[in-house]
2 protein chains.
Amino acid sequence: MSYTISKKYASMKPSAVREILKATSQPGMIAFAGGSPAVEAFPCDEVKKLSAEILAEDPVSALVYGVSEGYEPLRDTVKAWLKKRNGIGTDDDTVIITSGGTQVMDIATRILTDEGDTVICEEPSFIGSLNAFRSHGCKLKGVPIDCDGMNIDALEQVIKETPRAKFIYTIPNFQNPGGTTLSWEKRKRMYRLAKENGLVIVEDDPYGNLRTAGDPIPAIKTLDRDGIVIYAGSFSKILAPGIRVAYAVVPSKMAGSFTIGKQVSDVHTGVLNQMIVHRWFEEYDVDAHIDRICKVYRRKLNLMCDMLDEHCPEIQYVRPQGGLFLWARLPDNVDMTDYCNRLVERRVAVVPGSAFLIDDTAGCSYVRLNFSTPDDDSIVEGVKIMGETLREY
Amino acid sequence: MSYTISKKYASMKPSAVREILKATSQPGMIAFAGGSPAVEAFPCDEVKKLSAEILAEDPVSALVYGVSEGYEPLRDTVKAWLKKRNGIGTDDDTVIITSGGTQVMDIATRILTDEGDTVICEEPSFIGSLNAFRSHGCKLKGVPIDCDGMNIDALEQVIKETPRAKFIYTIPNFQNPGGTTLSWEKRKRMYRLAKENGLVIVEDDPYGNLRTAGDPIPAIKTLDRDGIVIYAGSFSKILAPGIRVAYAVVPSKMAGSFTIGKQVSDVHTGVLNQMIVHRWFEEYDVDAHIDRICKVYRRKLNLMCDMLDEHCPEIQYVRPQGGLFLWARLPDNVDMTDYCNRLVERRVAVVPGSAFLIDDTAGCSYVRLNFSTPDDDSIVEGVKIMGETLREY
């Protein structure tokens, strides 16, 4: 007699896509497949200084157990900053610190769904979140995206057809992988639909601060008079991902369950990590830092677009107004998986678009390109190789 | 129409016990309720030095995304150290770094159970792990403990009666809260029973290195020729809990699922945190550090026992051979909850034993005492107050 893996995990097999992703970490590879901020955007010296100060002045606080909701001074700082910068959060919301943004999706799924319930999401959407939903035995129901984000007519239809739907998962700004931004009109319609149908909205906004063009659109969370939106933000893209500090703005009536979910996940997020972020706000101008890194990303995004227009005119894309990704449509005569494999042979790694589909064996003619991780020379070189490889078909 | 919390979370209400636990964090409270290592045992200067070196020499590695399995040099170091120190791990095992030990229980539950499955555990057992199991919709089935750990006859009976049991959860060394250590004979019988019945053993060993008396007993994992034991260790008690670095030794055939579970939980554990632990091994003698802190704990444990014998002769307990906790039985004429409340009024916090039961409303005449967090004066003062309060009944 032998043990068995749980049903929900037995169905989570490593896909063919993972094999291509593995290749992307090989040395010498031009990495258009990542999602890491630009190395030049990391405030290394600042983190070094802040860490040294904390461990000199208050090492015990940094090393002892913390509370599950998060380091109180950081929670207060995030709350005030979000309110001032984005108008997010009311007295009826609770800020809870998490170990990266994915943990918000994981905990939201824990507290809102039972096995067999459905999560409604954009399709394509971020593979990490989709896997978090799947890993709790949830079904996924996709809604197509237009240039201005999720198609709300289609959403309405999906809601009608899905009695066990529990929440809508959306990345409203510079969607991963689509690059699209949900319009203000659509945000209001989505909120209304959620409210009318007893659904929660999980608003995943890791890229919202990385706007490189156009005007900011208020978060769906700013509409939340009914306590039905969980807003997720992160320091991974504006400070550094390795530090694993993110946050959720949770309606107070869900906060108790969310805190239990956090507690059983990892008790609390590293205290030194949280103190570094807190002190970063105390000693530096975070908004000015964001402005600086947006300049870096604007340059890189524009460079990649210019290179694509020059070397790959056959590739179609909608220029995103921020974020880290371009969603590039290959011409009809090109087999996407074959193209990705040929690129890997030429030391260029892109993510096959099928990775972001609910059924990753479905046909897909897109690839996701990241412009933040590679340096400028690699962007030029990589897109040239992409063009040469296209010409082989 | 309104959303609902998932069935599994709707049943996880904050208990009366939590209210007492909250009181324990008030300033001026003598903290016998905690579970934190002694402050004097934290290697603060070492962490300060290591962190400074890392952020001076290799800041980008510390700040960029890591892989889900953990920082490779740390994984190798832990693997070699475990092998040398405890004989744990074979070529057919994979070491995976987690964000604290609780995350190992959480991921094990994800990959091994579906809603409605059962976890077999010692009763009483660590409330944090029990809640992790419950939070995935698992049922709990308790097995009583004797002076030498879980009663294996009772375990055999429970296994027979529980067709949907998936794994046995055990804290073999200095059990939390019982303080008992599972004998070698019993470890072998438990392993055999698990093997015969298609069960996995999740061996939670956060305290194993904190032995203050007697000889070490090999881990159940050292018996694992069949790939059915997940061993969990942690740096929370030997380095510092706030750093949130622990590890699982996972049979290779489960490692793929375990890694997916880690990925959807929090992508990876903080890289700076992992690098600090790795460098701690490189630059310092970790085994010598453990010897030093064991001396601290031996002194504190003996002090608390001496004080109990002097001031509370009515209280019965089995002197543990290590760990952080004493499991103290009150005399029959004392109402445990009432006693805990009276102690809080006198600024002494202990954990009501019922917190560690599967049904925390069941009667219980025990309290858990922690001797690592309070300083020596507080141990003396607190136990005196415990004795005075006993005399009121």
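None of the values given here were measured: they were computed from a predicted structure.

Rules used in this analysis
Just so you know, the residues in each chain are numbered from 1, in the order the chain's sequence is written. All chains are assigned letters beginning with A, and all ligands numbers beginning with 1, in the order in which they are written. Where totals are concerned, whole chains, interfaces and linings use all residues; where local detail is concerned, this predicted model gives features only for residues with pLDDT of at least 70, and gives and counts side-chain atom pairs only at 80 or more. To get the side-chain values, all heavy atoms of the structure are used, and hydrogens and water are removed first. Each helix is a run of H or I in the DSSP string that is no shorter than four residues. Each strand is a run of E no shorter than two, and both are numbered from the N terminus. Two things to know: the radius of gyration comes from C-alpha atoms, and the globule rule equals 2.2 Å times the number of residues to the power 0.38. Each residue is placed in one exposure class: buried if its accessible area under a 1.4 Å probe, protein chains only, is under 20% of its type's maximum, exposed if it is over 50%, and partly exposed if it falls in between. Here the copies were fitted onto each other by least squares, based on C-alpha atoms from residues at pLDDT of at least 70 in both. Contacts were defined at the residue level, with two residues in contact if any of their heavy atoms lie within 4.5 Å. Accessible-area loss on putting two parts together, using a 1.4 Å probe and summing over both, is the definition of buried area adopted here. The rule for a salt bridge is simple: a side-chain nitrogen of Lys or Arg has to be within 4 Å of a carboxyl oxygen of Asp or Glu. Lys, Arg, Asp and Glu make up the charged group, whereas Ala, Val, Leu, Ile, Met, Phe, Trp, Tyr, Cys and Pro make up the nonpolar group; the residues left over, Gly among them, are polar. Think of a 1 Å grid over the protein atoms and nothing else: a 1.4 Å probe that fits but is trapped marks a cavity, an open set flanked by protein within 12 Å on at least five of seven lines marks a pocket, and residues with an atom within 4 Å of a point count as lining. Grid points are joined across faces, edges and corners, and a volume is the space filled by probe spheres set on the points. Note on pairing: DSSP must find at least two bridges between two strands before they are called paired. Whenever a helix is involved, its axis is fitted only over the stretch in contact; in every case the axis is a line through C-alpha atoms, and angles between N-to-C directions fall within 0 to 180 degrees. Here the nonpolar core consists of buried residues drawn from Ala, Val, Leu, Ile, Met, Phe, Trp, Tyr and Cys, with membership extended through side-chain atoms lying within 4.5 Å. Positive charges are assigned to Lys and Arg, negative charges to Asp and Glu, while His and the chain termini are left out of the count. Each angle gets one of four labels, with under 35 degrees taken as roughly parallel, over 145 as roughly antiparallel, 65 to 115 as roughly perpendicular, and the rest as oblique. What pLDDT reports is the predictor's confidence in each residue, on a scale of 0 through 100. Residues form patches when they are more than 30% accessible in relative terms and have no salt bridge. Like charges link within 9 Å. Nonpolar side chains (Val, Leu, Ile, Met, Phe, Trp, Tyr) link within 5 Å. A 1.4 Å probe and the Shrake-Rupley method give the accessible areas. Residues count as covered only by the protein chains that appear here. One atom stands in for each charge, and that atom is NZ of Lys, CZ of Arg, CG of Asp or CD of Glu. When the strands point away from the viewer and the path from the first strand over the helix to the second turns clockwise, the crossover is right-handed. A crossing counts as left-handed when the near helix is turned anticlockwise from the far one by less than a right angle, and as right-handed when that turn is clockwise.

> What am I meant to see in the overall build of chain A here?
In terms of regular secondary structure, chain A is built from 14 helices and 13 strands. Its C-alpha atoms give chain A a radius of gyration of 21 Å, near enough to 21 Å, the size a compact globule of 393 residues would have. Dimensions of chain A, computed from C-alpha atoms along their principal axes, come out at roughly 60 × 55 × 50 Å. Sorting the 393 residues of chain A into buried and exposed places 63% on the buried side.

> Looking at this model, I keep getting lost on the relation of the copies chain A and chain B. Mind explaining?
One copy of the chain maps onto the other through a rotation about an axis plus a displacement along that axis. Each copy of the sequence occupies a distinct position, and chain A is placed on chain B by a rotation of 180 degrees and an axial shift of 0.0 Å, giving an RMSD of 0.0 Å. Both chain copies can therefore be described as sitting about a two-fold axis. Within chain A, A:Ala52 has its C-alpha nearest the rotation axis, a separation of 3.2 Å. Looking at the interface residues of chain A, 100% of them are also at the interface in chain B, so both copies use one shared face.

> Even after reading the chapter, I still don't get the interface of chain A and chain B, so can you show me in this structure?
Reports often express the size of an interface as the amount of accessible area lost when the parts come together. Chain A puts 73 residues into the contact, and the matching count from chain B is 73 residues. Where chain A abuts chain B, roughly 6000 Å² becomes buried across the two surfaces, and 59% of that area is made up of carbon and sulfur atoms. Three residues, A:Tyr3, A:Tyr9 and A:Leu63, lead the burial of chain A against chain B; their summed loss comes to 13% of the area buried on that side. At the boundary of chain A and chain B, one finds six salt bridges. Elements with a minimum of two residues in the side of chain A that touches chain B: helix H1 (7-10), helix H3 (44-57), helix H4 (59-63), helix H6 (102-112), helix H7 (127-134), helix H9 (184-196), helix H10 (252-266) and helix H11 (271-283) of chain A. Counting residues per element, the side of chain A that touches chain B draws most heavily on H10(A), which supplies nine residues. Class assignment for the residues of the side of chain A that touches chain B results in 32 nonpolar, 26 polar and 15 charged.

> Is there a simple way to explain empty space enclosed by the protein in this structure?
By rolling a water-sized probe across the atoms, one finds the places where empty space is left. Summed over all chains, the structure comprises four cavities of 30 Å³ or more. One number sums up the size of the largest cavity: a volume of about 90 Å³. Together, 16 residues line the largest cavity, and A:Ser99, A:Arg244, A:Gly270, B:Ser99 and B:Gly270 are the ones closest to its centre. Residue classes in the lining of the largest cavity are distributed as two nonpolar, ten polar and four charged.

> Is there a simple way to explain the sheet that holds strand E5 (residues 149-150) of chain A in this structure?
Where strands meet in a sheet, backbone hydrogen bonds hold them as pairs that are either parallel or antiparallel. All names here are of chain A. Taken in spatial order, the eight strands of this open sheet run E2-E9-E8-E7-E6-E3-E4-E5, and their pairing is mixed. Single-partner strands in this sheet number two, and they are strand E2 (93-98) and E5. Looking at chain direction, strand E3 (residues 118-123) and strand E4 (residues 139-146) are connected through six bridges and run parallel. Paired with valine 119 across the strands is leucine 140, a residue of E4.

> Explain the sheet that holds strand E3 (residues 118-123) of chain B to me, please; I cannot follow it from the model alone.
Residue and element names in this part refer to chain B. Here eight strands make up an open sheet; going across it, the order is E2-E9-E8-E7-E6-E3-E4-E5 and the pairing mixed. The sheet is open, and its two edges are formed by strand E2 (93-98) and strand E5 (149-150), each paired on a single side. The sheet strands contacting helix H8 (residues 152-161) are E3, strand E4 (139-146), E5 and strand E6 (165-170), and the helix crosses E4 at an angle near 160 degrees.

> How should I be thinking about the nonpolar core in this particular structure?
In globular proteins that are soluble, nonpolar side chains generally tend to be buried together. If you look at the biggest cluster of nonpolar residues, it comprises 254 residues, and the most contacted ones within it are A:Phe235 and B:Phe235. If we ignore the near neighbours within four places in the chain, the residues touching A:Phe235 are A:Val78, A:Trp81, A:Ala240, A:Val245, A:Ala246, A:Tyr247, A:Val277, A:Trp280 and A:Phe281.

> How do you make sense of the side chain of B:Asp205 when you look at a structure like this?
Residue and element names in this part refer to chain B. By the element assignment, aspartate 205 lies in the loop between strand E7 (200-204) and strand E8 (229-234). Buried aspartate 205, no salt bridge; nearest opposite-charge side chain is arginine 187, N-O distance 6.4 Å. In this view, aspartate 205 contacts Asn173, Tyr231, Ala232 and Gly233; residues no more than four positions away in its chain are not counted.

> It is not clear to me how the packing of H8(B) against helix H9 (residues 184-196) of chain B should be interpreted in this structure. Could you clarify?
The axes of two packed helices give the description: the angle between them and the distance between them. Residue and element names in this part refer to chain B. Here H8 crosses H9 at 10 degrees, and the two axes come no closer than 10 Å. Classified by the angle their axes make, H8 and H9 are roughly parallel. Contacts between H8 and H9 involve Ile152, Asp153, Leu155, Glu156 and Ile159 from the former and Lys186, Arg189, Met190 and Leu193 from the latter. Of the residues contributing to the contact of H8 with H9, the split by class is five nonpolar, no polar and four charged.

> Teacher, can you tell me more about the confidence of the model for chain A here?
Segments scoring low in pLDDT should not have their predicted coordinates read at a detailed level. In the predicted model, chain A carries a mean pLDDT of 94, and the fraction of residues at 70 or more is 97%. With a pTM of 0.96, the predicted complex shows an ipTM of 0.95.

> Got a minute to help me understand the side chain of A:Thr102 in this structure?
You can see A:Thr102 is positioned in helix H6. The class of A:Thr102 is buried, set by a relative accessible area of 9%.

> Please explain a negative patch on the surface as it appears in this structure.
A grouping of A:Asp375, A:Asp377, A:Glu381 and A:Glu388 is seen on the molecular surface, where their side chains present a negatively charged patch. Note on placement: A:Glu381 falls in helix H14 (residues 376-390).

> Teacher, can you tell me more about the pairing of E7(B) here?
If a strand is regular, its side chains alternate between the two faces of the sheet. Residues and elements named next belong to chain B. The element E7 is largely enclosed, with a buried count of five among its five residues. Alternating positions in E7 separate into two faces, Val200, Val202 and Asp204 on one and Ile201 and Glu203 on the other, with burial throughout. One ladder, built from four bridges, connects E6 with E7; its direction is parallel. Of the residues in E7, the one forming a bridge with threonine 170 is glutamate 203. At this point the chain moves from E6, through H9, to the parallel E7, and the crossover so formed is right-handed. Sheet analysis places E7 next to E8, joined by four bridges and oriented parallel. Paired with aspartate 204 across the two strands is alanine 232, which belongs to E8.

> Just to check I follow, could you spell out the packing of helix H12 (residues 286-311) of chain B against helix H14 (residues 376-390) of chain B for this structure?
All names here are of chain B. Direction vectors running N to C along H12 and H14 enclose 25 degrees, while the axes themselves pass 9 Å from each other. With respect to H14, the element H12 is oriented roughly parallel. For the pair H12 and H14, the sense of crossing is right-handed. Contacts between H12 and H14 involve Arg299, Lys300, Leu303, Met304, Met307, Leu308 and His311 from the former and Asp376, Ile379, Val380, Val383, Lys384, Met386 and Gly387 from the latter. Split by residue class, the contact of H12 with H14 holds eight nonpolar, two polar and four charged.

> Looking at this structure, how should I read the environment of A:Trp184?
When you line up the elements, A:Trp184 lands in helix H9. Every residue in contact with A:Trp184, bar those within four places of it in the chain, is listed here: A:Ile217, A:Pro218, A:Ala219, A:Thr222 and A:Leu223.

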